[in-house]
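# Residue-level structural notes
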Amino acid sequence: MRPVDYYYGTLMKTFLILSLIALSACDAPVKVRTPPSDAFSNSINTSGNGSTGFNLTPGTTGGTTGGTTTGSTTGTTVGGTSGGINCIKTVTAFHSGLGSVDVCQDSGNEVMFRLGFNTTDQSDGTCVVPMFRDSTGNSLYLGTAQCTKHNQGQVVTGQLQKNRQGYAGYQINSVMVLKYSGTNAFFQCMNAYGAQYNACLSSFGGNTFYQSYCQSQAQTYMTTICNTFKNSYPYSQVLTR
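This write-up is about the structure you can find in this document. What you see as residue numbers is a count from 1 along each chain, following the sequence as written. Local features in this predicted model are restricted to residues whose pLDDT is 70 or higher, and side-chain atom pairs enter the listing and the counts only when it is 80 or higher, whereas totals over whole chains, interfaces and linings include all residues. With hydrogens and water set aside, each side-chain value is computed from the structure's full complement of heavy atoms.

### A short note on the sheet that holds strand 9 (residues 155-159)
Whether two strands pair comes down to DSSP finding at least two bridges between them. Put simply, DSSP H or I for four residues or longer makes a helix, DSSP E for two residues or longer makes a strand, and each gets a number counted from the N terminus. Overall, antiparallel pairing links the four strands, which are arranged 3-4-5-9 in an open sheet. Looking at which strands have only one partner, the edges of the open sheet turn out to be strand 3 (87-95) and strand 9. Strand-to-strand twist in this sheet, taken as the mean axis angle between neighbours without regard to direction, amounts to 20°. Relative to strand 5 (residues 112-117), strand 4 (residues 99-106) is paired through five bridges, and the arrangement is antiparallel. Bridge pairing in strand 5 places V101 opposite F117. Between the N-to-C directions of two axes lies an angle of 0 to 180 degrees, each axis being a line fitted to C-alpha atoms and, for a helix, fitted only over the stretch in contact.

Printed below as a string of structure tokens:
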């Protein structure tokens, strides 16, 4: 065999071996996309008519590292019908486990809200999380949960915390209303995709060849975690503008 033929044959064998290794390593689609950091899909409940602080939960945490909230206080009753809020509209968040919570957002300040409760809860408490919902029904949380214990007929006004780093450009156009006991599970749901995707990609040394595979794994994980939240805790998300 001539040297050139031997060299060519060796190259072909090497190419075939590498091709087989690559094909067997991952069967994920070639097309990749930038993964979302979180998404809460198809959770909008539009039932009902379309500050300094709520004095809700001092020292709340939440969001990027699991989203638990700590502590709760009795909500402040505000006299009058407006409580200093010029409502865009009033919507009602309802769930049998929540009762009805009337929610209105101030037209001039997106973080200012007024809440009205038709139930008494002096044990667990009710929380509100600022959200952005896009036209496809997916939502992102924009800040920490603010929580209060309350009496039936009580009205509180105050300021939600739009403090999630990197999301200042999103407008608060909805809120998630849930019980304090469900906040940890809610933020686990919201952070599930990003946490699982990063862990998966890290296990492959950050090799973007596995990006599509890790996206699929993250989506499956998020669906499981979010379904656990949805099936275990009362919640209602309402559009506020």
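Next comes the rest of the write-up.
### So, the pattern of salt bridges
The working definition used for a salt bridge is a side-chain nitrogen of Lys or Arg within 4 Å of a carboxyl oxygen of Asp or Glu. Per the stated rule, a full pass over the model turns up two salt bridges. The partner of E110 in a salt bridge is K162, with the nearest N and O atoms 2.8 Å apart. Taken together, the residues E110 in the loop between strand 4 and strand 5 and K162 in the loop between strand 9 and strand 10 (174-179) connect sequence positions 52 residues apart. Classification of E110 as partly exposed rests on a relative accessible area of 23%. Across the pair D121 and K179 runs a salt bridge whose closest N-O atoms are separated by 2.7 Å. A residue pair is termed long-range when its members are at least 10 positions apart, and D121 in strand 6 (residues 121-133) and K179 in strand 10 qualify at 58 residues. Throughout this description, buried means an accessible area under 20% of the type-specific maximum (1.4 Å probe, protein chains only), exposed means over 50%, and partly exposed covers the range between.

### Some remarks on the nonpolar core
Counting 25 residues, the largest nonpolar core has V129, M131, M176, L178, F186 and F229 as its most contacted members. Elements represented by at least two residues in this core include exactly strand 6, strand 10, helix 2 (183-203) and helix 3 (211-232). Top contributing element to this core by residue count: helix 2, with 10 residues. In contact with V129, other than residues within four places in its own chain, are Y141, G143, T144, A145, S174, V175, M176, L178, F186 and F187. Core analysis: the second largest hydrophobic core is formed by 22 residues, V91, M112, F113 and V175 among them. Definition of nonpolar core: a set of buried residues of the types Ala, Val, Leu, Ile, Met, Phe, Trp, Tyr and Cys, connected through side-chain atoms within 4.5 Å. The criterion used for residue contact is that any of the two residues' heavy atoms lie within 4.5 Å.

### What to know about the side chain of T240
Here T240 is to be found in the segment after strand 11 (235-239). In protein, a polar contact means a hydrogen-donor-capable atom and an acceptor-capable atom, both N or O and within 3.5 Å, with residues adjacent in sequence counting only if both atoms are side-chain atoms; elsewhere, any N or O pair within 3.5 Å suffices. In this structure the side chain of T240 is engaged in a polar contact, spanning 2.8 Å, whose partner is the side chain of Q105. Leave out the neighbours within four places in its chain, and T240 touches I88, K89, V103, Q105, F113, I172, N173, S174 and V175.

### Quick word on the pairing of strand 10
In regular strands, side chains alternate between the two faces of the sheet. The buried fraction of strand 10 is high, at six of six residues. Residues S174, M176 and L178 of strand 10 are buried on one face, and the alternating residues V175, V177 and K179, pointing to the opposite face, are buried as well. Across six bridges, the pairing between strand 6 and strand 10 is antiparallel. Its bridge partner being in strand 10, V129 is matched across the sheet by M176. Relative to strand 11, strand 10 runs antiparallel, the two sharing five bridges. When the bridges of strand 11 are listed, S174 appears paired with L239.

### Observations regarding the state of the cysteines
For the purposes of this analysis, a disulfide is any pair of cysteine sulfur atoms at a distance within 2.5 Å. For the structure on display, the rule yields four disulfides. C189 shares a disulfide with C226; S-S distance 2.0 Å. Handedness of the C189-C226 disulfide follows from its S-S torsion of about 90°: it is right-handed. Highlighted residues: C189 in helix 2 and C226 in helix 3, separated in sequence by 37 residues. Residue class for C226 comes out buried when judged on its relative accessible area of 6%. Here C200 is linked by a disulfide to C214, with a sulfur-sulfur distance of 2.2 Å. Across the disulfide from C200 to C214, rotation about the S-S bond amounts to roughly -75°, and the bridge is consequently left-handed. With C200 in helix 2 and C214 in helix 3, the pair connects residues that are 14 residues apart, well separated along the chain.

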